[in-house]
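# Structure at a glance
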Amino acid sequence: MKKQDIFNTSAPNKSTAIIEGESSGILNWNDIRMPHMYKLYKVLLLNHWIADEIPMSKDALQYLELDPKEQETFKKQIGLLAVLDSMQTMFVGDVKDYLTDSSLQAIAAIIGQQEVVHNQSYSYVLSSIVSEKEQNEIFEYWKHDPILLERNLFIRDAYQEFRDDPNPQSFFKAVVADMVLEGIFFYVGFAFFYNLARDQKMLGTSQMISYIQRDENQHSYFFGEVFKQLLVDRPELNTPENIQYVYDFIDEAVGYEIRWAEYLLNDIAGIDLDEFREYIRFVANKRLRLMGLAPAYPEAQNVMPWIKPFSDEALNDTKTDFFEAKSRNYGKTSDDNGFDDL
Ligand code: ZN
Ligand code: ZN
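Throughout what follows, the structure given in this document is the object of discussion. The structure displayed is predicted, hence computed values, not measured ones.

### Regarding the packing of helix H4 (residues 102-129) against helix H10 (residues 203-233)
Relative to each other, H4 and H10 sit at 160°, their axes nearing to 11 Å. Here H4 lies roughly antiparallel to H10, going by the angle between them. In this structure, the crossing between H4 and H10 has a hand that is left-handed. Contacts between H4 and H10 involve Leu104, Ile107, Ile111, Gln114, Glu115, His118, Ser121, Tyr122 and Val125 from the former and Thr205, Met208, Ile212, Asp215, Glu216, His219 and Phe222 from the latter. The residue makeup of the contact of H4 with H10, split by class, is 8 nonpolar, 5 polar and 3 charged.

Written out as structure tokens, the structure is:
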């Protein structure tokens, strides 16, 4: 695949295709191929946040009172999230260069920046609650923990294949892997922190996690739109084999996420693993819907009503901060963005 030229005076400003199209390289938001991308751009900007604005002093005290299993899970979840966001920064950068559409390149640039903010937030949380030595140890977990490593390799392989050999088929597979990473692989982690929050524990961390979740949901929306447009632009990719690949990949991802939940949440108070298994399938259905595909698990429901206050709607539809009643300007989303319950 060819990278987008810096500029091309003989090409139109409005791109002709998502990859390998004609595009002058100039960004004119009034003349873009997918006009809803302008709205997404504004939502991403309105959602801006930085970790340093979240007070952590209460969390620092409460962390010491968590039981050892909760502390261990806390650290492993942060260790996982740090790897996911590190991979994302690299992957979004790779994708960006090949998007032959200035508006999509612009949004990829902002998403990449948000992944860096997410990464810093993990360091910020850890620096508030554990020693520097322990912080550094947590950032090593992913290299040695076999369950963590296998699920990360699952994504890494698709991303690396696209980096090594960028072509429409490897791009297709990498976008599917992205939907899993941003749209499924964060969710056990999110739920663990929200479970602590419903006991009024580690509210600073949960607030930060809720901002990350809000961002990831927008990123999933973006890549879902990229996926759908890719199938329109490149109908040769829209084959029964490729669609089956999506379902197989997502089913395998659901298996990894369930194993991760069984590994980490097995005796965490307030967590019911049976509910969790169904919740993960429910989340997977939502990602398929963003990709324009039918649910893989039509029977799956959100059986964890306690998590609904942490949905995007609950966070986006209020100007009052969920956790601290601090006024913030949330970006508004609406139904046509494809967002719904967490
Ligand atoms: Zn992220
Ligand atoms: Zn993301």
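### Overview of the coordination of the zinc ion (ligand 1)
The coordination sphere of the zinc ion (ligand 1), as far as protein atoms go, consists of Asp85 (OD), Glu115 (OE), His118 (ND1) and Glu216 (OE), spread over 1.8 to 2.1 Å. Each of the 4 donor atoms bound to the zinc ion (ligand 1) contributes to angles spanning 87 to 134°, and the resulting shape is tetrahedral. Each donor residue of the zinc ion (ligand 1) lies on the same chain, and together they follow the pattern D-x29-E-x2-H-x97-E. Between the two metal centres, the zinc ion (ligand 1) and the zinc ion (ligand 2), the spacing is 3.6 Å, with Glu115 acting as a shared donor. Pair noted here: His118 is in helix H4 and Glu216 is in helix H10, with a separation of 98 residues, a long-range link. For His118, a relative accessible area of 0% gives the class buried.

### Some remarks on H10
With 31 residues, H10 extends 45 Å from end C-alpha to end C-alpha; this agrees with the ideal 45 Å at 1.5 Å per step. The element H10 is largely enclosed, with a buried count of 28 among its 31 residues.

### Some details on the environment of Lys133
In this fold, Lys133 is placed in helix H5 (residues 132-138). Given the relative accessible area of 61%, Lys133 is considered exposed. The spatial distance from the C-alpha of Lys133 to the C-alpha of Ala106 is 38 Å, given a sequence separation of 27 residues.

### Observations concerning the environment of Phe139
Considering the arrangement of structural elements, one finds Phe139 in the loop between H5 and helix H6 (141-144). C-alpha separation for the pair Phe139 and Tyr279, spaced 140 residues apart in sequence, amounts to 28 Å. Setting aside residues no more than four positions away along its own chain, Phe139 makes contact with Ala82, Tyr122, Ser123 and Leu126.

### Points about the packing of helix H9 (residues 187-197) against H10
When two helices pack together, you describe them by how their axes are tilted relative to each other and by the distance separating the axes. Running from N to C, H9 and H10 cross one another at 145°; their axes reach a closest spacing of 9 Å. Relative to H10, the crossing made by H9 is left-handed. Facing H9, whose interface residues are Tyr187, Phe190, Phe193, Tyr194 and Ala197, H10 presents Leu203, Thr205, Ser206, Ile209, Ser210, Ile212, Gln213, Glu216 and Asn217. Tallied by class, the residues present in the contact of H9 with H10 amount to 8 nonpolar, 5 polar and 1 charged.

### Here's the deal with the coordination of the zinc ion (ligand 2)
Listed as protein donors to the zinc ion (ligand 2) are Glu115 (OE), Glu182 (OE), Glu216 (OE) and His219 (ND1); their distances from the metal cover 1.8 to 2.1 Å. All donors to the zinc ion (ligand 2) come from one chain, and their sequence spacing reads E-x66-E-x33-E-x2-H.

### Focus: helix H8 (residues 168-183)
When the terminal C-alpha atoms of H8 are compared, their 22 Å separation across 16 residues agrees well with the 22 Å that a helix rising 1.5 Å per residue should span. For H8, the buried fraction is high: 14 of the 16 residues fall into the buried class. One side-chain oxygen at the N-terminal end of H8 lies 2.9 Å from the backbone nitrogen of Gln169; it belongs to Asn167.

### Thoughts on the pattern of salt bridges
Applying the stated criterion across every chain, the model contains 21 salt bridges. Two residues, Arg234 and Glu236, come together in a salt bridge whose shortest N-O distance is 2.8 Å. Salt bridges sharing common partners tie together Lys3, Lys96 and Asp97.

### Some details on the packing of aromatic side chains
Taken as a whole and judged by the stated rule, the model has 24 aromatic pairs. Consider the rings of Phe91 and Phe162, whose centres lie 6.4 Å apart with planes at 70°: the pair is edge-to-face. Of the two residues, Phe91 sits in helix H3 (residues 68-98) while Phe162 sits in helix H7 (residues 146-164), which places them 71 residues apart along the sequence. Per residue, the accessibility class of Phe91 equals that of Phe162, and both read buried.

The rules behind each value
Residues numbered from 1 in each chain as written. Chains lettered and ligands numbered in written order. Predicted model: local features only at pLDDT ≥ 70, side-chain atom pairs only at ≥ 80, totals over all residues. Heavy atoms only, no water. Axes fitted to C-alpha atoms, helices over the stretch in contact; angles between N-to-C directions. Helix = DSSP H or I, 4+ residues; strand = E, 2+ residues; numbered from the N terminus. Parallel < 35°, antiparallel > 145°, perpendicular 65-115°, else oblique. Left-handed = near helix turned anticlockwise from the far one by under 90°. Contact = heavy atoms within 4.5 Å. Nonpolar A, V, L, I, M, F, W, Y, C, P; charged D, E, K, R; others polar. Donors = N, O, S within 2.8 Å, 3.2 Å for Na, K, Ca; no water. Tetrahedral: all angles 85-135°; square planar, octahedral: opposite > 155°, others 65-115°. Buried < 20%, exposed > 50% of the residue type's maximum accessible area, 1.4 Å probe, protein only. Expected span 1.5 Å × (residues − 1). Polar contact = N/O pair within 3.5 Å; in protein donor to acceptor, adjacent residues only side chain to side chain. Salt bridge = Lys/Arg side-chain N within 4 Å of Asp/Glu carboxyl O. Phe/Tyr/Trp six-rings, centres within 6.5 Å; stacked < 30°, edge-to-face > 60°.

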